[in-house]
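In case you want the letters, here they are:
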Amino acid sequence: MNLWRKLACVILAVVLCASFAANWLAPAGYARQYREATNAGPSRTHWLGTDEIGRDRFARVLYGTRISLLLAPAAALLSTLMAALIGGLAGYLGGVWARMAMAVTDLFLSLPWLFLLITARALMPLNVSPLISVLVTFLLLGLLGWTTAARVLCTTAGSLRSADFVRQARAAGIPGQRLFWIHVMPNLKPVLYAQFWISIPVFILSEANLGILGLGVAEPMPSWGSLLKELEGLVSLGDEPWKFVPLILLVLVVISFQLLLSRHDEVAA
Amino acid sequence: MSLTPSQDQALLSARISVRYAGKQPVLRDVEIEIRRGEVLGLVGQSGSGKSTLAMAILGLLDSKRAQAEGTIAFQNANLLQLSERELRALRGRAVSLVLQSPLASLNPSLKIRTQLKEAWRAHASGTAADCAIAIRASLASVSLPADDEFQRKYPSQMSVGQAQRVLIAMAIMHRPALLIADEATSALDVITQSEILALFRELNRSTGMAILYISHDLASVAGICDRIAILHQGAIVECGTASQIFSHPKHEYTQRLMAALPRILLTNKEPEPKTEAAAAR
Amino acid sequence: MSGRHKMRGQMSKTCWKSIAVGVICVASLSAHVAAQAGGELKFCLRMEPKTFDPLKVEDEASAAIRYLTGGVLVRVNRQTQELEPELAQSWNISKDGRQITFRLRSGISFSDGTPFAAEDVAYTVQQLMDPALHSATGDAFRSGTGNVESKVISPTQISITFPAPVAGLDRLFDQVAILSERSPKKETAVLGPFIVADYKPGATVLLKRNPNYWKTDGQGRKLPYLDSIRLDIQPNRDVEMLRFKRGELDLINSLDSEYFDKLAATSPQLVHDAGPSLDSEQLWFNEVAKAPIPRYKKNWFRSANFRRAISEAINREDLSRIVFHGHAQPALGPFSPANKFWFNSNLQPQTYSPDAALKALQTDGFRLENGVLKDKDRNEVVFSIVTNAGSKPRERMAVLIQDDLQKIGIHVNVVTLDFPSLIERMTQSFDYEAIILGLTNVDLDPNGEMNVWLSSSENHQWNPQQKVPETSWEAEIDRLMRAQAASTDPRRRKEAFDRVQEIVAEEQPFIFLINKNALSAVSTAVHGAAPVILSPQTFWNADRLTVAAK
């Protein structure tokens, strides 16, 4: 276990450092088009080859890592916190609160999201920088991604409310707020962790799919999502294995994070 | 210590009815008095309303569904009329609770140090060092190791007996005037049970803390209680010193309880201290 | 790589002819094999056919079925682009362009045995022009208000009179499948080579040989050679490709360049590049006066000089080479050279020169400051190019153009929108700056593009529905388009439309980028196939195809 955690640490450190050293490591910026060498395989100048329009894939992976590795966990954290607050608090308070929160959650789940996201795009000006666009997208994902987890949390917190240890803690005179944060929240951790870890890859992919609505990272800026989109369609592993680097990276990073942060959870369970 | 308890020594006196909306009353005009420093046993079968009474005293009845009428006089106040804020100030400081199953009553995802710290923080302010001292003291008073290694444990890493002692340590941290032990030993094996009973007795002696000892098990109650109240179908049917109850049960239900006690208990080692205690009184 | 490509660009026309010659040889050879072969041809429809009524056809799938089952008076030969007699042996159009008279073949009967006669044509025209039917095919004939009169002169002769002249009238009959007036089976009685034998919604359409089909091959054998055609309804192109590779399908009608290259890499004998098609991809700026965009940007967009400069700064060779893997040609104007008759061969290819583009902009007061282009009022030249999401080629073109324009200091934001949002911005709110979209040309005749070029039209995309033309050149195009539509003299029509093409090249309201090549795949089991650029590319000669047993 300890070895694995060390390995996870090393992987994350390498990935992070490389993404921040992109300016030095990559042969050129992510937008530079080598038009005479499009769709090339790996070479000494282009370690991971070039994409359809001749951009260095290694540079794009590094810069994309920066975007996705910062923003996806941030959005996941936001949605997890919202789920914890809305679902957890409502479940803990019970009664009217729980019913209200579940009604809001149901409403959220039943809203025509596609339509709302299209409206959101319509409200945004067309001339936004790619960075703003991707920030707004992850913010939206964070603000919208909490519903399913909130449901689970509401039920879990509801059952915790009548748990012996909560009664015991109340009998010890611990005030309601602390009771929630100290005694209820830690027990929601498995659900929260799950929500967090599931959200990261989901958000990374959703960001790519939101490109359909004109949201998400805009060209020429890369993100893991937009890089993963390259795998749509006809790529086969045998032909062009280097195209799978973004996917492998995503899997590696998510697993590493999980190894690194799940220790606490495991012992407590 | 409580050889001649008298009315003015009453720590808590309650006269209370509780009913849940649309149902038969759980407690019907129950009169009960707990004197300073005494151990009062409250015996009744499950569903007789014992826990409801405990919760009523702590102000932890579900306020939306349960209706409580009457008075619970405790330290110059009627507990039933106190605000939640005032009740909270009493809970854990003046009245504390120990519940039945120790492992369920400790938060599985918190180290016991955290839980003790929280209990301390609820009613005390001070430096981390003050807190550490208080925690160590309370652990020591329940004969648990007070070292860091122990404090870092999670409930799942302890035995049931240890967990129960942690709970008791939490409950006595602020030297409450009244400790309510709701079936506090029922889930324990016989040896652990007797150890915990001895601990209660010891704490009662050393701190003068009154204990409301709630149990369905007349035998275990007999071991530590000064007085015993028998609760049957939401009403107190009989109340008296342990020796009275054991030697001259008046109410038919008490007699049935007595009859149900295994013979072996009445003759064997276990009841011995009880009779001795009764005689001493 | 680019050198080789340039060659290809110049040689395309000649190459293409040699392909055509080759094909004719194959066709005559296969006819011989065919007689015994027959067999079943299998390919995919990419959508559910919306109707089997030939008069109501609007979608591609229904059109394919109409093409295979319907008998028409005249047919545009998809290879030569010439109009050829079918059910009509000959025809002539009156001087005023309002009346067409057909002389019909005799001794032909519908698939159910009902004889074919002039009354059927009259009946078809009457049905077609019935306003209640809302026939898209019929709309093409509606040149003015008033009734269409059919007069049956004899069982083999009919004249049809329209209230106003209809330009290119004869060619429009290519789309009109003749119905039977008397057959109790109505539209299921057909005159084409195949009949619809079975239809499983969502799954397949099975066509069987029409036993009463009138045509014979050169050796007097009855056509079609094929016993049946199985059309699988399959919207997923990956699946279509997979099934083709497995040999479960015999042809793919239109391929993406990406698929084409993948297939060409392993089995070059299966793919066909028929050269540039009629379809074009173009970029245009929003020139709508009331559009909710800054005034200074409108001033750029409404300046022909600005548009020409942008056009000149775009490297079209790279667009076709990189985005379409060479399976596209830099576009010259509204019609590609593939439109043999109507293309204005005097048009010069747009040169690519960022320096010249920058110079042209400087004459308008634009200046390059620290790599950022600013207009005469020092506004930075930044605009967005919108295209529909999910279209990889368009997204890639946009990114290449973004990079091209960066070289002259113009910052472009590429925005992909879902199609409905894009259309809403393009036609309702006019809240956009520039758009890249394609134009699909099904019609060889410029009349089919009236709705694009008339300034009053809804589809006059850069500035639609103008009450009076806002610019003199748009007024000129209006006049020329109307003139060509009113004339029945092909030479005068061509002169007018040649002039339209020159004005468009000069003013660049649409900056035409490329013409995609018509790409298709045909199994080696199919004999007689000669893919062309006109729809239906691969099975236009279905009645003469055969499939060898596997």
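Throughout what follows, the structure given in this document is the object of discussion. What you see as residue numbers is a count from 1 along each chain, following the sequence as written. Each chain takes a letter, starting from A, and each ligand takes a number, starting from 1, following the order in which they are written. Note on the predicted model: pLDDT of at least 70 is required for a residue's local features to be given, and 80 or more for side-chain atom pairs to be given and counted; whole-chain, interface and lining totals, by contrast, use all residues. Hydrogens and water molecules were not included; the side-chain quantities draw on all heavy atoms of the structure.

### With respect to the packing of aromatic side chains
Definition in use: Think of it this way: a Phe, Tyr or Trp ring, Trp meaning its six-membered ring, pairs with another when their centres are within 6.5 Å, and the plane angle makes it stacked under 30 degrees, edge-to-face over 60, tilted otherwise. Helix and strand definitions here come from DSSP, where helices need a minimum of 4 consecutive H or I residues and strands a minimum of 2 consecutive E residues; each element is numbered from the N-terminal end. Buried residues are those whose accessible area, probed at 1.4 Å on protein chains only, stays under 20% of the maximum for their type, while exposed residues exceed 50% and partly exposed ones sit between those limits. We count a charge as sitting over a ring when the NZ of a lysine or the CZ of an arginine lies within 6 Å of the ring centre and within 35 degrees of the ring normal.
Counting across every chain of the model gives 34 aromatic pairs over all chains. Here Tyr92(A) and Phe180(A) contribute two aromatic rings whose centre-to-centre distance is 5.4 Å and whose plane-to-plane angle is 40 degrees, an arrangement assigned as tilted. Of the two residues, Tyr92(A) sits in helix 3 (residues 57-93) while Phe180(A) sits in helix 9 (residues 176-209), which places them 88 residues apart along the sequence. Comparing Tyr92(A) with Phe180(A) shows no difference in burial state: the two are buried. Pairwise contacts between aromatic rings join Phe285(C), Tyr296(C), Trp300(C), Phe301(C), Phe306(C), Phe366(C) and Phe383(C) into one cluster. Positioned above the aromatic ring of Tyr34(A), the side-chain terminus of Arg32(A) is 4.4 Å from the ring centre.

### A word on the interface of chain C and chain A
To keep things clear, this is the line we draw: We call two residues in contact when some of their heavy atoms are within 4.5 Å. Computed with a 1.4 Å rolling probe, the buried area is the accessible surface lost when two parts are put together, summed over both parts. Definition used for salt bridges: Asp or Glu carboxyl oxygen within 4 Å of a side-chain nitrogen of Lys or Arg. For the purposes of these results, a polar contact is taken to be a pair of N or O atoms within 3.5 Å, where, inside protein, one atom must be able to donate a hydrogen and its partner to accept one; residues adjacent in sequence count only when each atom of the pair is a side-chain atom. For this scheme, ten residues count as nonpolar: Ala, Val, Leu, Ile, Met, Phe, Trp, Tyr, Cys and Pro. Four count as charged, namely Asp, Glu, Lys and Arg, and the remainder, Gly too, count as polar.
Contacts between the two partners involve 36 residues from chain C and, on the opposite side, 28 residues from chain A. Around 2,500 Å² of area is buried between chain C and chain A when both sides are counted, 50% of it from carbon and sulfur atoms. Interface area lost by chain C to chain A is led by Lys262(C), Ile322(C) and Val399(C), which between them contribute 18%. One salt bridge connects Asp318(C) with Arg35(A), and the closest N-O pair in it is separated by 3.0 Å. Counting across the chain C and chain A interface gives ten residue pairs in polar contact (both at pLDDT 80 or more). Within the residue set of the side of chain C that touches chain A, elements represented by two or more residues are helix 7 (257-266), helix 10 (316-323), strand 16 (382-388), helix 12 (392-406), strand 17 (411-417) and helix 13 (419-429) of chain C. Broken down by element, the residue count for the side of chain C that touches chain A peaks at seven residues, all from helix 12 of chain C. Broken down by class, the residue content of the side of chain C that touches chain A amounts to 13 nonpolar, eight polar and 15 charged.

### A look at the interface of chain B and chain A
Contacts between the two partners involve 27 residues from chain B and, on the opposite side, 18 residues from chain A. The contact between chain B and chain A buries some 2,100 Å² in all, and 56% of this surface belongs to carbon and sulfur atoms. Per-residue buried area on chain B facing chain A is highest for Ser109(B), Glu118(B) and Tyr154(B); these three make up 24% of the total on that side. At the junction of chain B and chain A, the tally comes to one salt bridge. The closest approach of N and O atoms between Arg178(A) and Glu118(B), which form a salt bridge, is 2.7 Å. Counting across the chain B and chain A interface gives eleven residue pairs in polar contact (both at pLDDT 80 or more). Classifying every residue of the side of chain B that touches chain A by side-chain character gives 15 nonpolar, eight polar and four charged.

### A word on the pairing of strand 5 (residues 99-104) of chain C
Along any regular strand, the residues point their side chains to alternate faces of the sheet. All names here are of chain C. We apply this condition: Between any two strands, pairing holds if DSSP finds at least two bridges.
As defined by bridge partners, strand 4 (residues 88-93) adjoins strand 5 across five bridges and the pair is classed as antiparallel. Pairing of Ala 88 across the sheet is with Leu 104, part of strand 5. Here strand 4 folds back onto strand 5 in antiparallel fashion, the turn holding five residues, of which Gly 97 has a positive phi close to 75 degrees. Here five bridges tie strand 5 to strand 7 (residues 157-161), and the two strands are oriented antiparallel to one another. Its bridge partner being in strand 7, Gln 99 is matched across the sheet by Thr 161.

### Section: the pattern of salt bridges
All names here are of chain C. For the structure on display, the rule yields 51 salt bridges over all chains. As a salt-bridge pair, Arg 142 and Asp 139 come within 3.0 Å of each other at their nearest N and O atoms. Residue Arg 142 is classed as partly exposed on the basis of its relative accessible area, which comes to 35%. Of the residues examined, Asp 139 reaches a relative accessible area of 42% and is grouped as partly exposed. Asp 543 serves as the salt-bridge partner of Lys 215, at 3.8 Å between the closest nitrogen and oxygen. Within this pair, whereas Lys 215 is found in the loop between strand 9 (204-209) and strand 10 (228-233), its partner Asp 543 is found in the loop between strand 20 (526-527) and strand 21 (546-547), the two being separated by 328 residues in sequence.

### Comments concerning the sheet that holds strand 7 (residues 178-182) of chain B
All names here are of chain B. Here is the rule: Angles run from 0 to 180 degrees between N-to-C directions of axes, and those axes are lines fitted to C-alpha atoms, restricted for helices to the stretch in contact.
The strand order across the open sheet built from six strands is 6-7-8-3-9-10, with neighbouring strands paired in mixed fashion. Each edge of the open sheet carries a strand with a single partner, namely strand 6 (95-98) and strand 10 (235-241). Taken over all neighbouring pairs, the strand axes of this sheet differ in orientation by 20 degrees on average, direction set aside. Here strand 7 runs beside strand 8 (residues 210-215); their pairing, made up of five bridges, is parallel. Across the sheet, the residue bridging to Ala 181 is Tyr 213, located in strand 8. Taken strand by strand, helix 8 (residues 190-207) contacts strand 3 (39-43), strand 7 and strand 8, and its axis lies near 155 degrees from that of strand 8.

### Topic: the packing of helix 3 of chain A against helix 4 (residues 95-110) of chain A
Residues and elements named next belong to chain A. Convention followed: The labels follow the angle: roughly parallel below 35 degrees, roughly antiparallel above 145, roughly perpendicular from 65 to 115, and oblique for the rest.
The contact between helix 3 and helix 4 brings their axes to 6 Å, and the two run at 150 degrees. Relative to helix 4, helix 3 is oriented roughly antiparallel. Between helix 3, through Ile 86, Ala 90 and Leu 93, and helix 4, the contact on the second element is made entirely by Gly 95, Trp 97, Ala 98 and Ala 101. For the contact of helix 3 with helix 4, the residue count by class is six nonpolar, one polar and no charged.

### Examining the sheet that holds strand 1 (residues 10-20) of chain B
All names here are of chain B. Strand order in the open sheet formed by four strands is 2-1-4-5, with antiparallel pairing between adjacent strands. Edge positions in the open sheet fall to strand 2 (25-35) and strand 5 (77-78), since each of these has one partner strand only. Sheet topology note: the strand 4 (residues 66-74)/strand 5 ladder contains two bridges and is antiparallel. By the bridge assignment for strand 5, Ala 73 is matched with Asn 78. Lying on the sheet, helix 1 (residues 50-58) is in contact with strand 1, strand 2 and strand 4; it crosses strand 1 at an angle near 115 degrees.

### Quick notes on the nonpolar core
Inclusion rule: As used here, the term nonpolar core means buried Ala, Val, Leu, Ile, Met, Phe, Trp, Tyr and Cys residues forming a set that is joined through side-chain atoms within 4.5 Å.
Counting residues in each nonpolar core, the largest one holds 53 residues, and the members touching the most others are Leu139(B), Ile168(B), Phe200(B), Tyr213(B), Leu218(B), Ile228(B) and Ile230(B). The element best represented in this core is helix 7 (residues 160-172) of chain B, accounting for eight residues. Those residues in contact with Ile228(B) that lie beyond four places of it in its chain are Leu40(B), Gly41(B), Val43(B), Leu218(B), Val221(B), Glu238(B), Cys239(B), Gly240(B), Ala242(B), Ile245(B) and Phe246(B). In terms of nonpolar packing, the next biggest core, distinct from the first, is built from 44 residues, Ala26(A), Tyr63(A), Val134(A) and Phe196(A) among them.

### Some words on the pairing of strand 6 (residues 149-154) of chain C
Residue and element names in this part refer to chain C. Bridge analysis of strand 6 against strand 7 gives five bridges, and the strand direction is antiparallel. Residue Ser 154 lies in a different strand from strand 7, and its bridge partner there is Gln 157. As consecutive antiparallel partners, strand 6 and strand 7 are separated by two residues.

### Overview of a nonpolar patch on the surface
Residues and elements named next belong to chain A. To be explicit about the condition: A residue counts toward a patch only above 30% relative accessible area and without a salt bridge, and it is joined to like-charged neighbours within 9 Å or, for Val, Leu, Ile, Met, Phe, Trp and Tyr, to nonpolar neighbours within 5 Å. Under the convention used here, a 1.4 Å probe and the Shrake-Rupley method define accessible areas, while residue burial counts only the protein chains that appear.
There is a patch of nonpolar side chains on the surface, built from Leu 85, Leu 89, Leu 93, Val 96, Trp 97, Met 100 and Trp 181 and spanning about 690 Å² of accessible area. Those elements that provide at least two residues to the nonpolar patch are helix 3 and helix 4. Counting through the fold element by element, Met 100 comes out in helix 4. For Met 100, a relative accessible area of 46% corresponds to the partly exposed category.

### Points about the state of the cysteines
How we decide: Throughout, a disulfide means two cysteine sulfur atoms within 2.5 Å of one another.
In total, this model carries zero disulfides over all chains according to the counting rule given. No disulfide involves Cys225(B); its sulfur sits 11 Å from that of Cys239(B), the nearest cysteine.

Everything listed here is a matter of coordinates, which is why it stays silent on function.
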